[in-house]
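Observations on chain architecture
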Amino acid sequence: MMGTSCSITVFRRADEKYIRECFDILFAIEKRISAKIDDSEIGLVNQNAGKSAVKVSPETYALVKRAMEIEKLTEGAFNPLVGRVTALWNIGSGEEKVPSKEELAPLVEAVKRAEVVFDDSASTIYITEESAALDLGAIGKGYSSDILASYLKKKGVARAIINLGGNVYAVGSKGRGKLWNVGLRSPDGDGIFATVATKEGAVVTSGAYERYFVSDGVMYHHIIDPETGYPVDLDLLSASILSTDGTLADALSTAVFVLGRDRGIELIKRLGVNAVLLTKERETIRL
Ligand code: AMP
Ligand code: MG
């Protein structure tokens, strides 16, 4: 689900019963926020872009607001308004083709012009440009992991691992003073290139290798530079962010990947999060 495979691990047999509920929660979140589902709340907001404001649940409202705050924080490297651009590329669908410059240009312009208008008292969201749309794919899994982590803790689960397609959230402590070791998958597909030791919290990775297609010998991956509308030029092979805030970690991993090594490091330092970057030269940078 969520376009990837998801797993939840608990360590006591008595906690097993909560796993089913976790997947029900995930299905409900996906139904609410997926841009690919026409009658999801985000689907409806997108269909009414440039036309009218749409009332959404308090949860979706808060998530979109948070996403737009992080858009500012990252100076637009993470920009959830790229929805029409990502829909045009449709990477991961199995029917990809490279869009023409003529198709892309007006959508990229719309992303630059678009704003999201929030009405706190009415709980409505309005996208000011018809050719812009929300895609919460770069924040949704981290957001979901936060919700699952707090659900499991509320149920008294002392220890669990949530893995939503590379968005890992370690719940609770591993045991007396022990840290969790989270492996970062190697972009070549076999094994891991690094491990990170962490207390409770999220370790979220963005990488070009997760979803891509090849056309005329060129690799096109799923992380888009909002400035150009094309997949970002590969400077990093992957960017991993550590934080107790999974939502933030997810958005930032995408932003750092877009910014590339130098500007990415600047952002990581400015925000004071921990990170592991893998460069194209296969250098591992820990921050
Ligand atoms: P992630 O795997 O978290 O890095 O998220 C990548 C997904 O977010 C893509 O599959 C797109 O749906 C969407 N996306 C791509 N580029 C961006 C971007 N620059 N800002 C926000 N979302 C993006
Ligand atoms: Mg992300």
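Look a little higher up for the structure.
Please read these numbers as outputs of a predicted model, since none were measured by experiment.

Side note on a nonpolar patch on the surface
- Taken together, the side chains of Tyr 212, Val 214 and Met 219 make up a nonpolar region of the molecular surface, amounting to roughly 280 Å² of accessible area.
- Here Tyr 212 lies in strand S10 (residues 212–215).

What to know about the packing of helix H3 (residues 58–73) against helix H7 (residues 246–271)
- In the contact formed by H3 and H7, the axes pass within 10 Å of each other and the chain directions differ by 5°. It follows that H3 is roughly parallel to H7 by the angle criterion. On H7, the residues that touch Leu 63, Arg 66, Ile 70 and Leu 73 of H3 are Thr 247, Leu 248, Ala 251, Leu 252, Leu 267, Arg 270 and Leu 271.
- When the residues that make up the contact of H3 with H7 are grouped by side-chain class, the tally is eight nonpolar, one polar and two charged.

Notes on the pairing of strand S13 (residues 274–279)
- For S13, the tally of buried residues reaches five of six residues, placing the bulk of the element in the interior.
- In the sheet, strand S12 (residues 236–243) pairs with S13 via six bridges, with the strands oriented antiparallel. Bridge assignment links Ile 241 to a residue of S13, and that residue is Ala 275.
- Where S13 and strand S14 (residues 284–286) come together, three bridges link them in antiparallel fashion.

What to know about the packing of aromatic side chains
- Tallying each qualifying case throughout the model produces seven aromatic pairs.
- Ring centres of Phe 11 and Trp 180 lie 5.8 Å apart, and the angle between their planes is 45°; this geometry places the pair in the tilted category. With a gap of 169 residues between them, Phe 11 in the loop between strand S1 (6–10) and helix H1 (17–33) and Trp 180 in strand S7 (residues 180–185) connect regions that are remote in the sequence.
- Measuring from centroid to centroid gives 6.4 Å for Trp 89 and Phe 213, while their planes differ by 50°, and the two rings are tilted. Of this pair, Trp 89 sits in helix H4 (residues 83–89) while Phe 213 sits in strand S10; the two residues are 124 residues apart in sequence, bridging distant segments of the chain.
- Among the aromatic side chains, those forming a connected cluster through ring pairs are Trp 89, Phe 213, Tyr 220 and Tyr 230.
- For the cation-ring pair, Lys 65 lies above Phe 118, with the distance from its terminal atom to the ring centre recorded as 5.7 Å.

Remarks on the coordination of the magnesium ion (ligand 2)
- Every protein donor of the magnesium ion (ligand 2) is listed here as Ala 138 (O), Asp 250 (O), Asp 250 (OD) and Thr 254 (OG1), and their distances to the metal cover 2.0 to 2.5 Å.
- Here the donor residues for the magnesium ion (ligand 2) map to a single chain with the spacing A-x111-D-x3-T. In this pair, Ala 138 is assigned in the loop between strand S4 (124–127) and helix H6 (140–154) and Asp 250 in helix H7, connecting sequence segments 112 residues apart. Pair check on accessibility: Ala 138 and Asp 250 agree, each one buried.

Overview of the sheet that holds strand S2 (residues 54–55)
- An order of S2-S4-S3 is seen for the three strands of this open sheet, with the pairing classed as antiparallel. If you trace the sheet from one side to the other, it starts and ends with S2 and strand S3 (116–119), each paired once.
- In this sheet, S4 lies alongside S2 in antiparallel orientation, the contact comprising two bridges. Bridging from a neighbouring strand, Lys 55 pairs with Thr 124 of S4.
- Each of S3 and S4 touches H3; the most contacted strand, S3, lies at about 135° to it.

A short note on the pattern of salt bridges
- Counting across every chain of the model gives ten salt bridges.
- Among the ionic pairs, Arg 66 bridges to Asp 245, the shortest N-O distance being 2.9 Å. Here Arg 66 is found in helix H3, whereas its partner Asp 245 is found in the loop between S12 and H7, with 179 residues between them in sequence.
- Given a relative accessible area of 27%, Arg 66 falls into the partly exposed group.

Comments concerning a positive patch on the surface
- A surface patch of positive charge is lined by Arg 159, Lys 174, Arg 176 and Lys 178.
- Owing to a relative accessible area of 86%, Arg 176 belongs among the exposed residues under this scheme.

A look at the layout of surface pockets
- Considered as a void within the structure, the largest pocket measures approximately 1000 Å³ in volume.
- As for the largest pocket, its lining consists of 46 residues, of which Lys 36, Asp 135, Gly 137, Ala 138 and Arg 211 are closest to the centre.
- Those elements that provide at least two residues to the lining of the largest pocket are H1, helix H2 (41–47), H4, H6, strand S9 (201–207) and H7.
- Residue composition of the lining of the largest pocket, by class: 18 nonpolar, 19 polar and nine charged.
- Along its surface, the second largest pocket is lined by 16 residues, and Asn 163, Gly 165, Gly 166, Arg 185 and Glu 210 are the ones closest to its centre.
- Examining the composition of the lining of the second largest pocket, we find that four residues originate from one element, S7, more than from any other.

Reading guide: rules and limits
Residues numbered from 1 in each chain as written. Chains lettered and ligands numbered in written order. Predicted model: local features only at pLDDT ≥ 70, side-chain atom pairs only at ≥ 80, totals over all residues. Heavy atoms only, no water. Patch = residues over 30% accessible without salt bridge, like charges linked within 9 Å, V, L, I, M, F, W, Y side chains within 5 Å. Areas by Shrake-Rupley, 256 points an atom, 1.4 Å probe, with all protein chains shown as cover. Salt bridge = Lys/Arg side-chain N within 4 Å of Asp/Glu carboxyl O. Helix = DSSP H or I, 4+ residues; strand = E, 2+ residues; numbered from the N terminus. Axes fitted to C-alpha atoms, helices over the stretch in contact; angles between N-to-C directions. Parallel < 35°, antiparallel > 145°, perpendicular 65-115°, else oblique. Contact = heavy atoms within 4.5 Å. Nonpolar A, V, L, I, M, F, W, Y, C, P; charged D, E, K, R; others polar. Buried < 20%, exposed > 50% of the residue type's maximum accessible area, 1.4 Å probe, protein only. Pairing = 2+ DSSP bridges. Phe/Tyr/Trp six-rings, centres within 6.5 Å; stacked < 30°, edge-to-face > 60°. Lys NZ or Arg CZ within 6 Å of the ring centre and 35° of its normal. Donors = N, O, S within 2.8 Å, 3.2 Å for Na, K, Ca; no water. Lys, Arg positive; Asp, Glu negative; His and termini not counted. Charge placed at Lys NZ, Arg CZ, Asp CG, Glu CD. 1 Å grid on protein atoms, 1.4 Å probe; cavity = no way out; pocket = protein on both sides within 12 Å on 5 of 7 lines; lining within 4 Å. Points joined across faces, edges and corners; volume = space filled by probe spheres on them.

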